[in-house]
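Remarks on the overall topology
Here's the letter readout for the chains.
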Amino acid sequence: MVWVRIAVANNKGGAGKTTVIAYLAEALAARGRRVLAIDMDPQANLSRRLGYGEAELVDMVTTAEVVAANQKGCAADGIVGCRWSLRAHPGLVEHIDVLPARYDLEARVSEAGTLGAHERLERSLEGIGEDYDVVFLDCPPSLGHLTQLGLAAADTVLLVLRPEYDHLQGAIRVRDFVDTYRRHLGRPHLGIAGVVINEHDRRRGLHHWHTDSVTDAFGALLWSPPVPSRAALAEAIDAAAPLRARGAGARPLIEVFAALADHLEAHAHAAA
Ligand SMILES: Nc1ncnc2c1ncn2[C@@H]1O[C@H](COP(=O)(O)OP(=O)(O)O)[C@@H](O)[C@H]1O
Ligand SMILES: [Mg+2]
């Protein structure tokens, strides 16, 4: 049985949502958990980072087709394996699957007015849960239809933000949106599982200040440690590579994501 379906969101772009999903997926897979990563962003960054670039995606079944089909369990038609090359860690990649997105996922937005349109992704995932421990839903930086599809298919929400004013505001807007609309989304128990601070730089006073602001706004929901700002991380993202393929510079980051994975597991167990 699936432990948790977790939508990762912020109403602000460039927060690190997709980064946190990719490397939490790696951390969970490294301990034998089975992960499905669903890309609900037409930018398709998560798809590329897990091995599916624009050229491959042309002929694939992606979230755009799955949502349009609106059939029970039809997400299975688009789920493929992660394509990281990780020779030193055989078996890890087999634990990560992806339902990729293409830029034309945007076309689903025009159907938002149709009755029940926001339930289409959730319907497509019926019966899929048996194969995974954790399902991530990577939302675009909006509160519009694509994010609503993700929220309506989620058990809980993870907020990711940089320690900056606009990012905190974006995260608070997601929380308030969930508070106001959870019933309309068909998820009366939907709430926030945690908050991850990304690209933290401890040399910057502003970042300390905003870490305090995040604690004021979210209290114990703030997961620790923050993900530090590191060239090694930006380089891994750019190369669409797992941290375990990146050498010494990435090693401390492996520890950070392992600690965040502990929070996720603790939340999933508490909610079960
Ligand atoms: N911890 C980090 N350290 C350095 N660069 C980062 C870090 N996290 C994210 N980035 C950079 O920020 C960009 C945006 O991150 P991304 O995960 O795509 O954000 P989002 O999905 O919220 O839009 C990445 O492409 C990467 O270059
Ligand atoms: Mg993203």
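Attention here is on the structure that accompanies the text.

The rules behind these values
- Residues numbered from 1 in each chain as written.
- Chains lettered and ligands numbered in written order.
- Predicted model: local features only at pLDDT ≥ 70, side-chain atom pairs only at ≥ 80, totals over all residues.
- Heavy atoms only, no water.
- Buried < 20%, exposed > 50% of the residue type's maximum accessible area, 1.4 Å probe, protein only.
- Helix = DSSP H or I, 4+ residues; strand = E, 2+ residues; numbered from the N terminus.
- Pairing = 2+ DSSP bridges.
- Contact = heavy atoms within 4.5 Å.
- Axes fitted to C-alpha atoms, helices over the stretch in contact; angles between N-to-C directions.
- Salt bridge = Lys/Arg side-chain N within 4 Å of Asp/Glu carboxyl O.
- Near = heavy atom within 4 Å.
- Polar contact = N/O pair within 3.5 Å; in protein donor to acceptor, adjacent residues only side chain to side chain.
- Areas by Shrake-Rupley, 256 points an atom, 1.4 Å probe, with all protein chains shown as cover.
- Nonpolar A, V, L, I, M, F, W, Y, C, P; charged D, E, K, R; others polar.
- Phe/Tyr/Trp six-rings, centres within 6.5 Å; stacked < 30°, edge-to-face > 60°.
- Lys NZ or Arg CZ within 6 Å of the ring centre and 35° of its normal.

**Points about the pairing of strand β6 (residues 156–161)**
Sheet faces and side chains relate simply in a regular strand, where the side chains alternate between the two faces. Buried residues dominate β6, accounting for six of its six residues. Of the two faces of β6, the one holding Thr-156, Leu-158 and Val-160 and the one holding Val-157, Leu-159 and Leu-161 are both buried throughout. Note: strand β1 (residues 4–9) against β6, four bridges, orientation parallel. The residue bridging Ile-6 from the neighbouring strand is Thr-156, located in β6. Pairing of β6 with strand β7 (residues 192–197) involves five bridges; the strand directions are parallel. Residue pairing across strands places Leu-158 opposite Gly-194, the latter belonging to β7.

**Focus: the sheet that holds strand β3 (residues 80–81)**
In a beta sheet, neighbouring strands pair by backbone hydrogen bonds and run either parallel or antiparallel. The seven strands lie next to each other as β3-β4-β2-β5-β1-β6-β7, forming an open sheet whose pairing is mixed. Across the chains shown, the open sheet's two edge strands, defined by having one partner strand only, are β3 and β7. Bridge count between β3 and strand β4 (residues 96–99): two bridges; the pairing is antiparallel. Bridging across to β4, Gly-81 finds its partner in Asp-97. Contacting β1, β2 (35–39), β4, β5 (134–138), β6 and β7, helix α1 (residues 17–30) crosses the sheet at an angle of about 165° to β5.

**Overview of the pattern of salt bridges**
All chains considered together, the criterion is met by 19 salt bridges. Note that Arg-31 and Asp-262 form a salt bridge whose closest N and O atoms lie 2.9 Å from each other. Placement of Arg-31 in the loop between α1 and β2 and of Asp-262 in helix α10 (residues 251–271) is noted, with a sequence separation of 231 residues between them. Judged by relative accessible area, Arg-31 falls into the partly exposed class, the value being 30%. On the basis of relative accessibility, which here comes to 44%, the residue Asp-262 falls in the partly exposed class. Taken together, the shared-partner salt bridges in this structure form one network comprising Arg-5, Glu-122, Asp-155 and Arg-187.

**Remarks on the site of ligand 1**
Around ligand 1, the surrounding shell holds 17 residues, and the nearest of these are Gly-16, Lys-17, Thr-18, Thr-19 and Arg-49. Contacts to ligand 1 include Ala-15, whose backbone N or O atom sits 2.9 Å from an oxygen atom. Between ligand 1 and Asn-198 there is a distance of 2.9 Å, counted from a nitrogen atom to a side-chain nitrogen or oxygen. Considering ligand 1 on its own, with 560 Å² of exposed area, one finds that the protein chains cover 81% of that surface. Looking at the shell around ligand 1, the elements with two or more residues in it are α1 and α9 (231–238). For the shell around ligand 1, the per-class residue count stands at six nonpolar, seven polar and four charged.

**A word on unusual backbone geometry**
The linkage connecting Ser-224 with the following residue, Pro-225, adopts the cis geometry, with an omega of 0°. Residue position: Pro-225 is located in the loop between α8 (205–218) and α9. The backbone of Asn-70 shows a phi angle near 55°, a positive value even though the residue is not glycine. Residue Asn-70 is classed as partly exposed on the basis of its relative accessible area of 27%.

**Digging into the packing of aromatic side chains**
If you walk through the whole model with that rule in mind, you get three aromatic pairs. Between the aromatic rings of Tyr-23 and Trp-84, the centroid separation amounts to 6.4 Å while the plane-to-plane angle is 15°, which identifies the pairing as stacked. With Tyr-23 in helix α1 and Trp-84 in the loop between β3 and β4, this pair connects stretches of sequence that are 61 residues apart. Assessed through its relative accessible area of 3%, Tyr-23 is described here as buried. Of the aromatic side chains, those joined through ring pairs into one cluster are Tyr-23, Trp-84 and Phe-257. Just above the ring of Tyr-52 sits the side chain of Arg-83; from NZ or CZ to the centre is 4.6 Å.

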